[in-house]
Amino acid sequence: MKTSALELFLLSLWTFFAPIHLTMFVVGLAIVADTIAGRWAAAHQARKQGINPRILVTSRKTRIGFISKLFTYQSLIILVFIIDKIILNDLFIWFVPGFPVFFFMTKVLGLLLCMIEFDSISEKWYRVKGISLVQQLTSQLRNLKGVYNEVKKIKDERGPDTTTPDSTGTPT
């Protein structure tokens with residue numbers, strides 16, 4: 001099977017950008033989650049105003065916002081990666097010998113973009129629920145910890161479980 005020059009070029013690009021595939025994927029997922037949260041909040045707001053959500057929340061508006069944000073963020077990640085690969089990696093290694101993280105600025109940018117998206121999702125959550133997403137998650141974790149402590153307390157009161165087989169397979 002003969003490969004064309006275009007196929008070789010695309011394969012070379014895919015290989016060159018291999019270190020940032022995961023970063024781009026995670027940022028893309030964050031954008032998708034923010035888009036879903038945005039549609040949810042807009043539909044909730046429309047219902048509150050007595051407007052049919054289908055009128056206010058359109059696929060065209062969603063598509064334009066989603067595509068522009070996705071293109072901008074992914075292009076920024078690619079640009080910073082190229083700068084990181086050509087210049088910054090060598091500087092980090094030169095100034096901090098044995099620096100353990102390659103493409104550090106690209107990863108920092110990915111984290112920053114994910115934080116921006118999380119903050120946006122949290123704002124939309126607050127608009128709909130009246131409580132920030134961080135407060136909601138913290139509350140849920142506290143509840144889960146309380147349930148765990150209750151189960152542990154009941155288990156401690158009962159004593160050791162005698163119905164479970166030991167390492168030999170016989171009940172204790």
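For the structure, see preceding data.
Residues numbered from 1 in each chain as written. Predicted model: local features only at pLDDT ≥ 70, side-chain atom pairs only at ≥ 80, totals over all residues. Heavy atoms only, no water.

1. Examining the nonpolar core
The test is simple: Here the nonpolar core consists of buried residues drawn from Ala, Val, Leu, Ile, Met, Phe, Trp, Tyr and Cys, with membership extended through side-chain atoms lying within 4.5 Å. Classification of residues uses two cut-offs on accessible area relative to the type maximum, computed with a 1.4 Å probe and protein chains only: under 20% is buried, over 50% is exposed, and between them is partly exposed. Numbering of helices and strands starts at the N terminus; helices are DSSP runs of H or I of at least 4 residues and strands are runs of E of at least 2.
Grouped together as the largest cluster of nonpolar side chains are 14 residues, with contacts concentrated most on I20, V27, Y73, I77, F81, L109 and L113. Only α2 (21–48), α4 (59–95) and α5 (104–129) provide two or more residues apiece to this core.

2. What about the packing of α5 against helix α6 (residues 133–158)?
Quick note on the threshold: Axis angles are defined between N-to-C directions and span 0 to 180 degrees, where every axis is a line fitted to C-alpha atoms and, for a helix, only to the segment in contact. Orientation is classified from the angle alone, with under 35 degrees giving roughly parallel, over 145 giving roughly antiparallel, 65 to 115 giving roughly perpendicular, and any other angle giving oblique. By definition in these notes, contact holds between two residues if any of their heavy atoms fall within 4.5 Å. Side-chain classes are defined by residue name, with Ala, Val, Leu, Ile, Met, Phe, Trp, Tyr, Cys and Pro counting as nonpolar, Asp, Glu, Lys and Arg as charged, and the others, Gly among them, as polar.
In the contact formed by α5 and α6, the axes pass within 8 Å of each other and the chain directions differ by 85 degrees. Between α5 and α6, the interaxial angle falls into the category roughly perpendicular. Only L133, V134 and Q136 of α6 make contact with α5, whose side of the interface consists of F118, I121, S122 and W125. For the contact of α5 with α6, the per-class residue count stands at five nonpolar, two polar and no charged.

3. A few points about α2
Threshold: Any helix carries an expected span of 1.5 Å times its number of residues minus one.
Taking 1.5 Å as the rise per residue, α2 with 28 residues should run 40 Å; its terminal C-alpha atoms sit 41 Å apart, in good agreement. Taken together, the buried positions of α2 are occupied by T23, M24, V27, G28, A30, I31, D34, T35, A37, A41, A43 and A46. Summarising the contacts, the buried residues of α2 are in contact with α3 (53–56), α4 and α5. Looking one or two residues past α2, G50 carries a phi angle of roughly 80 degrees, positive in sign.

4. Comments concerning a nonpolar patch on the surface
Condition: Patch building starts from residues that exceed 30% relative accessible area and form no salt bridge, then joins like charges within 9 Å and nonpolar side chains (Val, Leu, Ile, Met, Phe, Trp, Tyr) within 5 Å. Residue exposure ignores everything except the shown protein chains as possible cover, and the areas themselves are Shrake-Rupley values with a 1.4 Å probe. Salt bridge criterion: a side-chain nitrogen from Lys or Arg within 4 Å of a carboxyl oxygen from Asp or Glu.
On the surface, L76, L79, I83, I86, I87, L91, W94, F95 and V96 cluster together to form a nonpolar patch covering roughly 900 Å² of accessible area. One can find L76 in helix α4.

5. Considering the packing of α2 against α5
How we decide: Throughout, a crossing is termed right-handed when the near helix is turned clockwise from the far one, and left-handed when it is turned anticlockwise from it by less than a right angle.
Close contact between α2 and α5 brings their axes to 9 Å; oriented N to C, the two are set at 15 degrees. Our classification of the angle between α2 and α5 gives roughly parallel. In the crossing of α2 with α5, the sense of the turn from one axis to the other is left-handed. Class assignment of the residues belonging to the contact of α2 with α5 gives a composition of 13 nonpolar, seven polar and five charged.

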